[in-house]
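Geometric and topological summary
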Amino acid sequence: MGRIDTLLATMTIEEKIGQLNMVASTLAITGPGQLGDVREGIRTGRIGSLLNHWGADEVHAVQRLAVEESRLGVPLLLGLDVIHGHRTIFPVPLAEACLFAPDLWEKTARAAAEEATQDGVALTFAPMLDVARDPRWGRIVEGPGEDSWVASQMASAKTLGFQGQDLAAADSLAATAKHFCAYGAVTAGREYASVDVSERTLREVYLPPFSAAVAAGTAAVMPAFIDLAGAPMTANAPLLQGWLRRELGFEGVLISDYNAVAELMNHGVAADAVEAAALALKAGVDIDMTSDCYVRGLPEALKRGLVTMAEIDVSVRRVLDLKDRLGLFDDPYRRGSAWPHGVRDAERRELAREVGRRAIVLLTHRAAILPLPPETRRIALIGPLAAASREMLGPWASAGRAQDAVSILEGLKAALPQCRIDHATGVDIGGQDTEGISAAVDLCGGAEVVVLCLGEAAAMSGEASSRADLGLPGRQRELADAIFDLGKPVVVLLSSGRPLTLPWLFERADAVLATWFLGGEAGHAVADVLTGRFNPTGRLPLSWPRLVGQVPIFYRQRPTGRPTKAGEHYSSSYLDVPATPQFAFGHGLSYSRFTLLDFKCDPSSAKAGEFVEVSVTVANDSEVDGEATLFLFVHDLVASVARPVLELKGVRKIVLKARERGRATWGLSTGDLSFLGPNLNRVLEPGRFEIHVGQSADPAGLLTEVIELTP
Ligand code: NOJ
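Residues numbered from 1 in each chain as written. Predicted model: local features only at pLDDT ≥ 70, side-chain atom pairs only at ≥ 80, totals over all residues. Heavy atoms only, no water.

Concerning the nonpolar core
With 189 residues, the main nonpolar core has Phe180, Leu494 and Trp516 as its most contacted residues. Ranked by residues supplied to this core, first place goes to helix α12 (residues 273–282) with 7 residues. Composition of this core by domain shows at least three residues from each of domain 1 (353–550) and domain 2 (594–710). Excluding its chain neighbours within four sequence positions, the residues that come into contact with phenylalanine 180 are Leu207, Phe210, Val221, Met222, Pro223, Ala224, Met233, Leu239, Leu240, Trp243 and Leu244. Residues Phe594, Ala606, Ala628 and Val693 belong to the second largest nonpolar core, which totals 24 residues. (Core = buried A, V, L, I, M, F, W, Y, C linked by side-chain atoms within 4.5 Å. Buried < 20%, exposed > 50% of the residue type's maximum accessible area, 1.4 Å probe, protein only. Helix = DSSP H or I, 4+ residues; strand = E, 2+ residues; numbered from the N terminus. Domains from an automatic or database assignment. Contact = heavy atoms within 4.5 Å.)

Listed below in structure tokens is the structure:
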């Protein structure tokens, strides 16, 4: 008998259920109802895993209780939300998505895993793979943006990065793909609200990133808090047991979200903790995170015949198996003992700076005032986010510390030692006090340029942080207007966890950059871009709305019978605002100017199984070295099911010196032209397809060729 069989045969029912019980430590609070001291529960085998507990000594101390003092000595599984870095904090995931660079996505996850495992952590609740098309939802900051293809690329990169080559290694962190699924589609962007999407949208948009995570070997998956058309995900047997386990063959661990098993009662599908526990377990949820329903409910559920011992055993086996794969049985203290803190810290900070500057999106640049000329001698740095180092870490910074974060003020000072930088806050982020505005305006008097740092507080996005108004909070608009009225050159830096709807600001500012929450190196990253030491290359992973009334907004629209047409009354449009976004998916300016030419698809007709080489020349028509980003979209012109007007199939980045040209190529497989047919089975239908390349999803900038798929 193997180790796990022997253990299973020896365990009491309480010990088995203990393995399915994850309890919160009091080190960090990420949900309601903390349970306080857990030591006794560990000793008696009633707790199999712990979340929010880290630090090598702290982890080893609780691990000793499990290994040395519990009857069977089964090691604990230590989980933590290591979302975008652990001690070294990288840009928030939505900002990282702007890189369109799977190699860097993987690197930051690897770095996070190295640091978190040094702190004894064995499991992260990441990556978050929720496609989101509604920026009212605060959790849009945690994810990959609006596109399923991008989300799938991120799923693979992050999973590989966290888990490394060998899950048992001392620096490998088990990944949890979350939140399964369609959480991003909460009604009206309101946190935890119900979701109701079609089976087709589910399969075309929301499920593919989870397939990618499973294909990359994710150790765990977390069902979302929400219900899908009345079936709460924590008890959604068709999707968990049916799609994920049977259809996809996922054999890892399903971990409920925080208290979500108990919340099945609030959803109205379980009368008590016993029914809630039975529903979740039968749906395949192995670990109950913090709700205590498995402990309280499963013994009674067994008596009532709602679950069987065999079903409990299946889940216990999966949990023990994960502990085994993580090497915890062989050496429970491996994580946290391999090397001391500090090893390769500088390298990781450099990575944070590189990823930080790559995440910055130059949204507008009307007056060519960037980069700041080297002879600049006086800058007024104004606004509530200018010297806000804590905010730079974003809403969920694991073990990141405010004192390690570089504010924009600090970054600019370090980059421009010869320059006088006057700083004033003007107003608070969300406050109503306008008294500081006149002093801030006065400070701008002698400045050659004003850098205005506006946006949201970090806590205004993330979990439980939906907003219905996506304008600037508090009195920031008054501050901005007073500064614009001076008539000086103004560069705006927008720190936020989501796109903000600010058409007036985009009209008035000379340049606006989306700087999101860039992490510990935020200030240096911003300074690199403002000074031209780094030429911006970040691209939007979502369509940026003009007004809240346009959301949900995304490029992958289906055609309508009455296409949007300016001036045409009976067309798909609004009376009061254009139907187009403020900035298209993929938008992002550069200090260079790129032109696309000589677009080819070769051959122009193909059969199933063949490839078409798609290529385009990119010309850097400027005197500045830079990096262009090219997007490849397809559109099936006539199909048995109406296909989106654009579907992303590839992205290329190409580095070009001033006046240099280069060619970007893709091998488009005919598989890329397949889709889910009328019965939701994958089909490849002969016919004509538009192939587009462009620098964003803005139709005005796309080059188009038509190819034919022949029978
Ligand atoms: C609730 C969140 O939805 C989830 O993303 C997170 O992993 C857990 N809390 C644990 O903190």
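Things to note about the state of the cysteines
Following the criterion strictly, the structure yields 0 disulfides and no others. Sulfur of cysteine 419: no disulfide; nearest cysteine sulfur belongs to cysteine 444 and is 13 Å away. Assessed through its relative accessible area of 10%, cysteine 419 is described here as buried. (Disulfide = S-S within 2.5 Å.)

Quick look at the sheet that holds strand β16 (residues 511–514)
Taken in spatial order, the 6 strands make up an open sheet running β11-β16-β15-β14-β12-β13, and their pairing is mixed. Every other strand in the sheet has two partners, leaving β11 (361–365) and β13 (420–424) as the edge strands with one partner each. With strand direction ignored, the average angle separating the axes of adjacent strands in the sheet is 20°. Pairing analysis gives 6 bridges linking strand β14 (residues 449–455) to strand β15 (residues 490–495), with the strands arranged parallel. Among the inter-strand pairings, leucine 452 is bridged to a residue of β15, identified as valine 492. Of the strands in this sheet, β12 (378–382), β14 and β15 are in contact with helix α19 (residues 476–484), which crosses β14 at around 165°. (Pairing = 2+ DSSP bridges. Axes fitted to C-alpha atoms, helices over the stretch in contact; angles between N-to-C directions.)

Some words on the domain arrangement of the protein chain
Per the domain assignment, the segments of the protein chain are domain 1 (353–550) and domain 2 (594–710). A separation of 35 Å is found between the C-alpha centroids of domain 1 and domain 2. In this assembly, domain 1 packs against domain 2 so that about 490 Å² is buried in total across both faces, 28% of it on carbon and sulfur atoms. Counting the contacts that link domain 1 with domain 2 gives 1 salt bridge. Between glutamate 627 and arginine 358 there is a salt bridge, with its nearest N and O atoms 2.9 Å apart. Classifying every residue of the side of domain 1 that touches domain 2 gives no nonpolar, 2 polar and 2 charged. (Buried area = accessible area lost by both parts, 1.4 Å probe. Salt bridge = Lys/Arg side-chain N within 4 Å of Asp/Glu carboxyl O. Nonpolar A, V, L, I, M, F, W, Y, C, P; charged D, E, K, R; others polar.)

Brief notes about the side chain of glutamate 647
Mapped onto the elements, glutamate 647 comes out in strand β21 (residues 647–656). With relative accessibility at 11%, the residue glutamate 647 sits in the buried group. Polar contacts involving the side chain of glutamate 647 include one to the side chain of arginine 643, which spans 3.5 Å. Discounting residues that sit within four places of it in the chain, glutamate 647 has contacts with Tyr555, Arg556, Leu632, Phe633 and Val634. (Polar contact = N/O pair within 3.5 Å; in protein donor to acceptor, adjacent residues only side chain to side chain.)

Considerations on the packing of helix α6 (residues 102–118) against helix α7 (residues 148–163)
At a minimum axis distance of 7 Å, the contact between α6 and α7 shows a crossing angle of 35°. Where α6 crosses over α7, the two elements pack in a sense that is right-handed. Residues Pro102, Trp105, Glu106, Thr108, Ala109, Arg110, Ala112 and Ala113 of α6 form the contact with α7, whose participating residues are Val150, Gln153, Met154, Ala157, Lys158, Leu160, Gly161, Phe162 and Gln163. Considered class by class, the residues forming the contact of α6 with α7 number 10 nonpolar, 4 polar and 3 charged. (Left-handed = near helix turned anticlockwise from the far one by under 90°.)

Section: the pattern of salt bridges
Across all of its chains, the model carries 53 salt bridges by this definition. For arginine 317, the salt bridge identified is with aspartate 5, shortest N-O distance 2.8 Å. Here arginine 317 is found in helix α14 (residues 309–325), whereas its partner aspartate 5 is found in helix α1 (residues 3–10), with 312 residues between them in sequence. Overall, arginine 317 belongs to the partly exposed group, its relative accessible area being 37%. Given a relative accessible area of 28%, aspartate 5 falls into the partly exposed group. Across the pair glutamate 311 and lysine 282 runs a salt bridge, and its minimum N-O distance is 2.9 Å.

Focus: the packing of aromatic side chains
Taken as a whole and judged by the stated rule, the model has 15 aromatic pairs. For the ring pair phenylalanine 100 and phenylalanine 585, a centre distance of 6.0 Å and an interplane angle of 90° mean the geometry is edge-to-face. Of this pair, phenylalanine 100 sits in the loop between α5 (93–97) and α6 while phenylalanine 585 sits in the loop between α21 (522–530) and β17 (594–602); the two residues are 485 residues apart in sequence, bridging distant segments of the chain. The two residues phenylalanine 100 and phenylalanine 585 agree in class, both being buried. Centre to centre, the rings of phenylalanine 631 and phenylalanine 633 are 6.3 Å apart; their planes meet at 20°, and the pair counts as stacked. Classification of phenylalanine 631 as buried rests on a relative accessible area of 0%. Take phenylalanine 633: its relative accessible area is 0%, and that puts it in the buried class. By the ring-pair criterion, three or more aromatic residues cluster together here, those being Phe100, Tyr555, Phe585, Phe631 and Phe633. Over the ring of phenylalanine 554 we find arginine 133, and its NZ or CZ is 3.9 Å from the ring centre. (Phe/Tyr/Trp six-rings, centres within 6.5 Å; stacked < 30°, edge-to-face > 60°. Lys NZ or Arg CZ within 6 Å of the ring centre and 35° of its normal.)

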